[in-house]
Amino acid sequence: MVRGSVWISLAYLLTPSFCLHRLENYKEDLRVKPLRDGRVSTTFSFLTVLEDAVPRHPTTLELPDEPQHYALFPLTLGQILREYAITELHLSLNAGKWNYDDWGHPPEVSVGTGAELWAWMGVNEVMTIDERWSGLRNALSGLFCASLGSLDSRRTTSPVVAFPLSGSTPPFAQHELRHASLASENVCTENLTPFLKLLPCKSRAGLAELLNPQKVFDADWHGMGVHVIWKEGTGVELKLTLQAVFNPVRTSTGKRRDWSLQSLFDRSIEQSCPVANYSSVTVVLPEEKNYQITPQPPVQVDGLAIYDLSSTSDFTIPTNIAMHWSNEHRFQYPMPPLPALTPLSVKRTLHGTTQTRGVLSISVTNNSPQEILAGYLEMIPTLLTLWMHTLKVEINSDTRSMTYSHKMLPLLIIVLRLGDLLSDLKYQPPSPQPNGHLSPSMLQAALTIPPKSTLKISVEVDKAFLKYTEHPPDAMRGWDLPGAVFFPLSKSANDTSSSYNWERIYTPTLLVDLPTPDFSMPYNVIILSCTLMTLIFGSIFNLLTRKWVVVEIKE
Amino acid sequence: MDRRPIVLPVLVCLRFLLAVLPLPGQHLLKHDHQLSSPLTSYLRLKEGLWLFDNDVDPYMGGSFHHSPLLLSIFSTIIPPIPIIWAVSDAVGAWALLQLWRARQGFSPYKGTKSTAESLIVSAYLLNPYLLLPSLALSTSTFENAFTLLALMFAAEGRPSSALLAIAFTIHLSPSSILLLLPILMLLVTSPASQLASPRQFQGNLYRMASLFVECMLYWFVLVGAACIMADGGWNWVKASWGASLMLPDLTPNPGLWWYFFTEMFDHFRPFFLMVFSVHLVIYILPICIKFQHDPLYAAFLLIGVLGTFKAYLTLADPGLFLSMMSLFPEVHGCKFFFSFFSPPALTPTDSTDLRHPIVTTLLHLHAALLLPLQHVLWVSEGRGNANFYYAASLVMGMAGGAGFVDACFAGMRIAIGDVKVEGKAQGQGQEVQWEVAQE
């Protein structure tokens, strides 16, 4: 049975066609990792590679495109990429807050809450990057049923240092980045269904069979991503990812952390995808050996158990992969304080009790024994005005071994070191855009955080008073502020190799409570204000134009 | 009876003391929306200076609306320390005093009746409407000082200084263009009070035109200087003058514009912006024509218009109007202003021609108490909503309007004088009362 489908898929791939034909290959992988707080992190990655393909040259945008033939690569997405000559595209739709301290770095780094879209495009004079960006947003919002069309110039910035090209830089044009995020975007089944339609086997065969919306969207954190990268030797890579962090302790009856594919997804893999070159389930084995995993992993390397589910392998599809801790009666949460799993822990808060102003404060803790050089990026829409002249940096060392006699000395040290704690400060204020709105303000800085210490940055902010028409329907809820991004920086200019073990850290989103006008009042305000002005104008008019007479008072 | 004038130096010293001493709630005053508007706020001034120092265009962001001249002064010559505001207050009080002396015909260097002069100086330096914005380091203090300087120079008959001062005022706050015509009229006539005896305008219109050209010349030089200081761009025009016309920032203030344009739909916005701006301008000609015999009074009335209907109103604008009321004792009738040495134009009675001074005073008192209260209830405590503050701003509008209408009426009524005629009806032998009215 399996061999039959293998022959069919091979015959399909080798069928000649009249159009431009490229070899495509498709790989899928599910990575399951039990976390220390009883949760299970699952990452699906579906990788389709269009070999020897090149992104469309932007100067060919005026001419009709040559016909493209895809066998495995999704046509709808391919058409969008060709229509707007996109070199690199990243879209992520996430819900929840990724807990870096307990869960470590995510396998797919774009875990900012809400929708985040960024694209690198080549410059062209005929169809400008902004026009193509607007077309791309609307096309993707139609494709994924997400409100990406509202990521207009009010939310678009260009942070090239934090979001560099992941693949190769095409030599044909100067490239620019457009990045926008919408933190209040909700993710639901309408976004998953078109996502699955981009896969060759849809959700009928292979690992995508497991994606049960009722279970995935019940997870503590879930997110899906679409990443299109061009690599020079390989071609155009499309990676579709779906990450979900499940909580078996919450959903199981006995508060146990045992999990199985059936218990997590309520589905099982019936058949493998015939067109997949490689399909596997990788389980990251925990460090303590008090668990049992069934069935026995055929390949176990580097603390990973790999089950090869490809149709070409000899391995029969297991109905269920399960891990249980039979010696545990119920899961005991590890007692705090726990060491953070990432070298950097970040926290962002908005202080203030009034609706006019507040203080935005970021605290970055370096848990490792080495100094970390990180970049800090803040993209704030114009609902908050940053008062940059009130920017303050404080360092608060964890070792409080300073005695009273040395109290003056640390102050001096603090003063001297503030200059190199935060360097390379770049602030781009909101700039007026053609549609009359203001772009977000962008704040970038290079932070040098000494080992085992906490750096606190605080800046006063003012909350904006918006027009009546600019408020959303649920105006009393407030607005979501997209998370700040921390990214690694190299210490010297020639150390450009990516030797970091982390790529980006997102802070959680914040809710900004703006003062609202009374929405029932437009007519009343107009008539009251105009009445007052008219009364005064009328009185003055009468005074100035009437003539004075002397009249008799009648008794 | 000729006491040495000590009130001005004492009050100036007290003001300097307030500027230097750290008062407990002073940093909160800077954030208050009654005392400073987005066009005059100290925080935005500091932000613009920081952006300027860090090679970012301050006018791009929509948060800085001050003039490039202020930017250049505070970034190169002197930082924005509170002493400058104290000096500006002192200059304003001195200018008001000189204006009084010019109007009364006294010599500018030697005052006579100290009570009136001390009251005038106190009316400027102790007016809470002017003192609190000055403590909040709002740049409206500079605008008021330049306005008073322009009026003082015009009253003393020094055209170039007056035109330079009014050019500065118009540059800092474009709504002050309302005061250009009265100042030109004042320069070609005298500041002495002619309210009681109105007559045709006797100045030379051609001289007025040449003075206008001179003022435009000064204004163009200032615009050129501002362009150079803003690195050759025109962004600052849209950000600083365009703010009064287009109202980009809808921060609440005691004026009438902000809530009106918050609740306005986008379709009607340009029309109503035009209406509100034209509304300010249409008062110039009628008031100047009606009060052509006393241009200083016309300037005073136009300051009243600005103090009620300006785009980004703060408390400093009605404050200037109320303080300047002290220059016109024939209108407000307070007996401490009269002396044996007054010129005969003043009527030495204790009566006032203001129709409803009590109403105006009480409305101002209500507004001054309601505005901060409702503001706190709305944005800080969340127990009220925007309508509370809007109602308080309407009371402020009524207070300003009442004062303006009152002053206009009194200025005209004084020309009619009292009706002493008591006619006898034929054959009845009864006395008939007469009164003055308008029809």
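All residue numbers here refer to positions counted from 1 along the written sequence of the relevant chain. Both sets of labels track the order of writing: A upward for chains, 1 upward for ligands. Given that this is a predicted model, residues contribute local features only at a pLDDT of at least 70 and side-chain atom pairs are listed and counted only at 80 or more, while totals for whole chains, interfaces and linings are drawn from all residues. In computing side-chain values, all of the structure's heavy atoms are included and hydrogens and water are not.

Chemist: Sorry, what's going on with the overall build of chain A here?
Modeler: Numbered from the N terminus, helices here are DSSP runs of H or I no shorter than four residues, and strands are runs of E no shorter than two. What chain A contains, in helices and strands, is 10 helices and 26 strands. In chain A, which comprises 555 residues, the share counted as buried stands at 52%. Considering only contacts in chain A between residues 6 or more positions apart, those separated by 24 or more positions represent 75%. Areas reported as accessible are Shrake-Rupley estimates using a 1.4 Å probe. Residue values count occlusion only from the protein chains shown. Total accessible area on chain A is roughly 25700 Å²; 56% of this is exposed by carbon and sulfur atoms. Accessibility here uses a 1.4 Å probe with only protein chains present; expressed as a share of the type maximum, an area under 20% marks a residue as buried, one over 50% as exposed, and anything in between as partly exposed. Contact definition: two residues touch when any of their heavy atoms are within 4.5 Å.

Chemist: Where do I start with the interface of chain B and chain A in this structure?
Modeler: Accessible area lost upon the coming together of the parts is a frequently used measure of interface size. Listed as interface residues are 65 residues of chain B and, on the opposing side, 53 residues of chain A. Buried area: the accessible area, evaluated with a 1.4 Å probe, that two parts lose upon being put together, summed over both parts. Interface area, chain B with chain A, both sides summed: about 5500 Å², of which 71% is carbon and sulfur. Broken down residue by residue, the surface that chain B buries against chain A is led by Glu263, Gln438 and Glu439 of chain B, which jointly contribute 12%. By convention in these notes, a salt bridge is any Lys or Arg side-chain nitrogen within 4 Å of a carboxyl oxygen on Asp or Glu. Summed over the shared surface of chain B and chain A, the result is 1 salt bridge. One salt bridge connects aspartate 266 of chain B with lysine 467 of chain A, and the closest N-O pair in it is separated by 3.9 Å. Polar contact criterion, stated in full: a pair of N or O atoms within 3.5 Å, where within protein one must be able to donate a hydrogen and the other to accept it, and residues adjacent in sequence count only if both atoms are side-chain atoms. The interface formed by chain B and chain A includes 11 residue pairs in polar contact (both at pLDDT 80 or more). Residue assignment for the side of chain B that touches chain A shows that the elements contributing at least two residues are α3 (42–53), α13 (257–262), α14 (269–281), α15 (284–290), α16 (295–309), α19 (357–380), α20 (386–416) and β1 (433–438) of chain B. Each residue receives one of three labels: charged for Asp, Glu, Lys and Arg, nonpolar for Ala, Val, Leu, Ile, Met, Phe, Trp, Tyr, Cys and Pro, and polar for the others, Gly being one of them. Tallied by class, residues from the side of chain B that touches chain A come to 38 nonpolar, 15 polar and 12 charged. Any two strands are treated as partners once DSSP identifies two or more bridges connecting them. Note: strand β26 (residues 548–553) of chain A against β1 of chain B, 6 bridges, orientation antiparallel. Paired with tryptophan 548 of chain A across the two strands is glutamine 438 of chain B, which belongs to β1 of chain B.

Chemist: Please clarify how the packing of helix α8 (residues 140–156) of chain B against helix α9 (residues 159–172) of chain B should be interpreted in this entry.
Modeler: In a pair of packed helices, the angle between the axes and the distance between the axes together describe the arrangement. Residues and elements named next belong to chain B. Closest axis-to-axis distance for the α8/α9 pair is 8 Å, and the angle between their directions is 155°. By the angle class used here, α8 and α9 are roughly antiparallel. Of the two elements, α8 crosses α9, and the hand of that crossing is left-handed. Counted together, Phe142, Glu143, Phe146, Thr147, Leu149, Ala150, Phe153 and Ala154 of α8 and Ser161, Ala162, Ala165, Ile166, Phe168, Thr169 and Leu172 of α9 form the full contact between these two elements. Inter-axis angles, ranging from 0 to 180 degrees, are taken between N-to-C directions of lines fitted to C-alpha atoms, where helices are fitted over the stretch in contact. The labels follow the angle: roughly parallel below 35 degrees, roughly antiparallel above 145, roughly perpendicular from 65 to 115, and oblique for the rest. Crossings are assigned a handedness: left-handed for a near helix turned anticlockwise from the far helix by less than a right angle, right-handed for a clockwise turn.

Chemist: Please explain the sheet that holds strand β24 (residues 505–506) of chain A as it appears in this structure.
Modeler: Two modes of strand pairing occur in sheets, parallel and antiparallel, and in both the strands are linked by backbone hydrogen bonds. Residue and element names in this part refer to chain A. Strands sit in the order β19-β20-β17-β23-β24 across an open sheet of 5 strands; the sheet is antiparallel. Looking at the sheet topology across the chains shown, the edges are occupied by β19 (422–428) and β24. Two strands pair when backbone bridges link them, and strand β17 (residues 372–380) and strand β23 (residues 485–488) are joined in this way by 4 bridges, in the antiparallel orientation. By the bridge assignment, tyrosine 376 is partnered in β23 with phenylalanine 486.

Chemist: How should I be thinking about a nonpolar patch on the surface in this particular structure?
Modeler: To count toward a patch, a residue needs a relative accessible area above 30% and no salt bridge. Like charges then connect within 9 Å, nonpolar side chains (Val, Leu, Ile, Met, Phe, Trp, Tyr) within 5 Å. On the surface, a nonpolar cluster with roughly 540 Å² of combined accessible area is contributed by Phe537 and Phe541 of chain A together with Phe271, Met274, Val278 and Ile282 of chain B. Listing elements by their share of the nonpolar patch, those giving two or more residues are α10 (522–545) of chain A together with α14 of chain B. Top element by residues in the nonpolar patch is α14 of chain B. It accounts for 3 residues. As for its position among the elements, phenylalanine 541 of chain A is in helix α10.

Chemist: Can you help me understand the state of the cysteines in this one?
Modeler: In this description, the term disulfide denotes a pair of cysteine sulfurs within 2.5 Å. Inspection of every chain in the model, using the stated rule, returns 1 disulfide over all chains. Across a sulfur-sulfur distance of 1.7 Å, cysteine 201 of chain A and cysteine 273 of chain A are joined as a disulfide pair. Judged by the sign of its S-S torsion, about 75°, the cystine formed by cysteine 201 of chain A and cysteine 273 of chain A is right-handed. Of this pair, cysteine 201 of chain A sits in the loop between α5 (189–197) and α6 (213–216) while cysteine 273 of chain A sits in the loop between α8 (261–265) and β10 (278–284); the two residues are 72 residues apart in sequence, bridging distant segments of the chain. Cysteine 273 of chain A carries the same exposure label as cysteine 201 of chain A, and that label is buried. Lacking any disulfide linkage, cysteine 215 of chain B is separated from the closest cysteine sulfur, that of cysteine 288 of chain B, by 14 Å. On the basis of relative accessible area, cysteine 215 of chain B is assigned to the buried category, the value being 0%.

Chemist: Is there a simple way to think about the nonpolar core in this case?
Modeler: For soluble globular proteins, the rule of thumb is that nonpolar side chains tend to be buried together. One finds Phe261 and Phe291 of chain B to be the most contacted residues of the largest nonpolar core, which totals 149 residues. Ranked by the residues each element gives to this core, the list is headed by α20 of chain B, at 17 residues. Beyond its immediate chain neighbours, meaning those up to four positions away, phenylalanine 261 of chain B contacts Lys467 of chain A together with Leu247, Leu250, Arg269, Phe272, Leu273 and Phe276 of chain B. Put simply, buried Ala, Val, Leu, Ile, Met, Phe, Trp, Tyr and Cys residues joined by side-chain atoms within 4.5 Å make one nonpolar core. One finds Phe46, Phe73, Val281 and Trp325 of chain A within the second-largest nonpolar core, a separate group that totals 77 residues.

Chemist: It is not clear to me how α3 of chain B should be interpreted in this structure. Could you clarify?
Modeler: One turn of an α-helix holds 3.6 residues; hence residues three or four places apart share an orientation. Residue and element names in this part refer to chain B. When the terminal C-alpha atoms of α3 are compared, their 16 Å separation across 12 residues agrees well with the 16 Å that a helix rising 1.5 Å per residue should span. The element α3 is extensively covered by neighbouring structure, given that 9 of its 12 residues are classed as buried. Of the residues making up α3, those classed as buried are Tyr42, Leu43, Arg44, Leu45, Glu47, Gly48, Leu49, Trp50 and Leu51. Measuring from the backbone nitrogen of leucine 43 back to the side-chain oxygen at the start of α3 gives 3.3 Å, which picks out serine 41 as the cap. Positioned one or two residues after α3, aspartate 55 has a phi angle of 60°, which is positive. The length a helix should cover is 1.5 Å for every residue beyond the first.

Chemist: Help me understand the sheet that holds strand β9 (residues 259–260) of chain A, please; the structure alone is not making it clear to me.
Modeler: Residues and elements named next belong to chain A. Strand order in the open sheet formed by 3 strands is β9-β14-β11, and the pairing between neighbours is antiparallel. Sheet topology places β9 and β11 (292–294) at the edges, where each strand pairs with a single neighbour. Of the strand pairs in this sheet, β11 and strand β14 (residues 322–324) are connected by 3 bridges, and their pairing is antiparallel. Across the sheet, residue threonine 294 finds its bridge partner in β14, namely alanine 322.

Chemist: Even after reading the chapter, I still don't get the side chain of glutamate 328 of chain A, so can you show me in this structure?
Modeler: Residues and elements named next belong to chain A. The topology assignment puts glutamate 328 in the loop between β14 and β15 (344–351). Side-chain polar atoms of glutamate 328 contact the side chain of arginine 257, separated by 2.7 Å. Not counting residues within four places of it along the chain, the set of residues in contact with glutamate 328 comprises Arg256 and Arg257.

Chemist: What exactly am I supposed to notice about helix α2 (residues 75–83) of chain A here?
Modeler: All names here are of chain A. Residues of α2 that are buried include every one of Leu77, Gly78, Ile80, Leu81 and Arg82, and no others. Buried positions along α2 lie against β3 (86–95), α4 (129–144), β7 (221–231) and β8 (235–246). Looking one or two residues beyond α2, the residue adopting positive phi is alanine 85, at roughly 50°.

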